[in-house]
Structure formats: structure tokens, C-alpha cells
Amino acid sequence: MTRPFRDPRSAHQKIAAHLRRRITRGDLAPGVQLPSTPALMEEYDVAGTTVQKALQVLKEEQLLVGQPGRGVFVQGGTQQSVTPEIYMTPAGDGQPYRWISEAEKRSQRASVKLLEVETVTPPFEVREAFGLNADGQALLRKQLLLRDDEPTELAQSYYPLDLAQGTAMMERRKIKGGTPTLLASLGYPPVSFVDEVSSEIPTEEEVVSLELPKDMPVMMTFRVVRSIDERPIEVSLLVKAAHRYRMRYVVKVP
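Residues numbered from 1 in each chain as written. Predicted model: local features only at pLDDT ≥ 70, side-chain atom pairs only at ≥ 80, totals over all residues. Heavy atoms only, no water.

**With respect to the overall build of the protein chain**
Alright, step 1. Of the regular secondary structure elements, the protein chain holds 8 helices and 10 strands.
Alright, step 2. Taking the principal axes of its C-alpha atoms as reference, the protein chain extends roughly 65 × 50 × 40 Å.
Alright, step 3. The buried share of the protein chain, taken over its 254 residues, is 45%.
Alright, step 4. For the protein chain, the share of sequence-separated contacts (at least 6 apart) that also reach a separation of at least 24 residues comes to 63%.
Alright, step 5. About 14,200 Å² of surface is accessible on the protein chain, with carbon and sulfur atoms providing 50% of the total.
Alright, step 6. Each charge class in the protein chain was averaged separately, 33 positive and 33 negative side chains, and the resulting centres sit 5 Å apart. (Helix = DSSP H or I, 4+ residues; strand = E, 2+ residues; numbered from the N terminus. Buried < 20%, exposed > 50% of the residue type's maximum accessible area, 1.4 Å probe, protein only. Contact = heavy atoms within 4.5 Å. Areas by Shrake-Rupley, 256 points an atom, 1.4 Å probe, with all protein chains shown as cover. Lys, Arg positive; Asp, Glu negative; His and termini not counted. Charge placed at Lys NZ, Arg CZ, Asp CG, Glu CD.)

**As for the pairing of strand β2 (residues 71-74)**
Alright, step 1. Relative to β2, strand β1 (residues 64-67) runs antiparallel, the two sharing 4 bridges. When the bridges of β2 are listed, L64 appears paired with V74.
Alright, step 2. Linking β1 back to β2 in an antiparallel pair, the connection comprises 3 residues, with G69 at a positive phi of about 85°. (Pairing = 2+ DSSP bridges.)

**Here we look at helix α4 (residues 98-105)**
Alright, step 1. Among the residues of α4, W99, I100, S101, E102 and A103 are the ones counted as buried.
Alright, step 2. Buried-residue contacts for α4 involve β4 (110-120), β5 (138-147) and β6 (150-160).
Alright, step 3. Backbone geometry just downstream of α4 places S107 in the positive-phi region, at approximately 60°.

**Overview of helix α3 (residues 48-60)**
Alright, step 1. For α3, built from 13 residues, the straight-helix expectation of 18 Å at 1.5 Å per residue is met to within 8% by its first-to-last C-alpha distance of 18 Å.
Alright, step 2. For α3, the complete set of buried residues consists of G48, T50, V51, A54, L55 and L58. Angularly, the buried residues of α3 cover 165° about the axis, an arc narrow enough to put them on a single face.
Alright, step 3. Turning to α3, the residues buried within the fold contact α1 (11-24), α2 (37-44), β1 and β2.
Alright, step 4. Just downstream of α3 lies Q62, where phi reads positive at about 65°. (Expected span 1.5 Å × (residues − 1). Arc of directions from axis to C-beta.)

**Side note on the sheet that holds strand β8 (residues 218-226)**
Alright, step 1. In spatial order, the strands read β4-β5-β6-β9-β8-β7; together these 6 strands make up an open sheet with antiparallel pairing. Strand pairing shows two members of the sheet lacking a second neighbour, β4 and β7 (192-200), which therefore form its edges. Between one strand and the next, the sheet's axes are offset by a mean angle of 15°, whatever the strand orientation.
Alright, step 2. Looking at chain direction, β4 and β5 are connected through 10 bridges and run antiparallel. The residue of β5 that forms the bridge with V112 is L145. (Axes fitted to C-alpha atoms, helices over the stretch in contact; angles between N-to-C directions.)

**Notes on the pattern of salt bridges**
Alright, step 1. One pass over the full model with this rule turns up 9 salt bridges.
Alright, step 2. Between E171 and R173 there is a salt bridge whose closest N-O contact spans 2.4 Å.
Alright, step 3. A salt bridge links D195 to R223; the nearest nitrogen and oxygen atoms lie 2.7 Å apart. Taken together, the residues span a long stretch of sequence, with D195 in strand β7 and R223 in strand β8 at a distance of 28 residues.
Alright, step 4. Taken together, the salt bridges that share partners define one network made up of E116, K142 and E205. (Salt bridge = Lys/Arg side-chain N within 4 Å of Asp/Glu carboxyl O.)

Keep in mind these numbers describe shape, not what the thing actually does.
Here it is, written out as C-alpha cells:
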């Protein structure tokens, strides 16, 4: 017999989850006014303080905004789709990193903040992907990616030292066209990649870097990029706010 199970969350968390899903999936579009507090009290059969706590959660997530004397309106929109393969292609001669150029197509302003460039002993799964032993080392380039000045993604990308040595990747500066362009110029173009996407509880660094609201999980992508002869040339841990983005993969069946 199946054991009965009840949602252990508080009433305001369940209401926030229901409204959040309607916003991120497009049922409540930006600019739409939410029903009044009494109407929401009746709809969810809860007290007014419970409704206000639920709305406050969504305001902290920047999905709702209150306008004094008018009401509460949807501020955020549907989740933005991210198509990873777009960013794998090296930029053309003289062209900016694809993070920048793709944002411009959406009339957005993108930027990259370089946080760290260091030779490190990478985490276990990165060492496994590169075939390194327990004390093997790789180059880490950590970046914070922003759209319209809002933190979007915390990216920790690792590279084999024998590829990185003597190149601009070792320097604490941005690379014209990004590392895919530089690697391609060295004879190691990205040919394929594998993503493993999971939902994770954020670390303190991720909460602060991405300016996450309380109790918001993150979407983590563990990516292995391979070049000619299946050689791994980049392994990345990419972290995004889970409520703002969705991954879009296009698979063509042979």
C-alpha cells in the first residue's frame, strides 16, 4: 500500500510556488495585476497575513512588484531559454564573445567579470573528466556573467595545463572572442559537449554572486567539451538561478 504523503511546506510557500509557476510559464505575463488580497484569501482559503507572506517571497525574487495605491503587478517574465550549443561555436574574426553578441540580438547588454585565474587541483569530477590523478592540476578561469548588469551565471571553467601554458588563458584578462575562439586557433576547436544538469542547494558564494533570494535553488550544469579525437579541452561548472532560466536542447533524430 502506498504511504500517504502531504506537502510539508507552509501555506504561504505553497501559494508562492503556485503563483511562481504561473509567472515563469507565461500564464501571468509581465504587467498583469494580481487579484486583490481578499480575492487571493478566498481563492486559497487562507488568512491575509499568509497571502502577504507569499507575495513577499515573490517580490524578493523580483517576480512581483507592489505599486502603492494600485496593487501588486507581475514584474518578472517567463523563464529565458538558454541554448548551450550557440555558445560553443567560436566567434568570428574580430567578433566579441558569443555571450555578448547573443545578448545583443535580444536587445540586452551583456558583460563578463573575470573573478579568478589560477592553477589549481580541480574537484573530483573535473579530474575524472580530464583523466588526472588525485593531485593533478588544471587551469581555472572563474567568471561572473551578467545581463543588463544583473548577475546571471557563475562559471568555473577548467582547462588542461598543456593547452593553456603560454597562452592568454593563463593571464588575468578577458580573451577576445572567448576561450572557444582561442582553443580553435590552437587547433582544438570544440566538436562536441555533454551537459549534466541538476538542481542544487546553493553555496554561500553562489547566493552572494548571483544575488539569490532566500531558499532559491540553483540550476547547475556540469559540462565537458571535447575536441578532435574526443580530447576534453574544457570542463565547466555553470550555476544559474533556477527560477529565471531553462535549458533548451535541440536533438535531430538521424
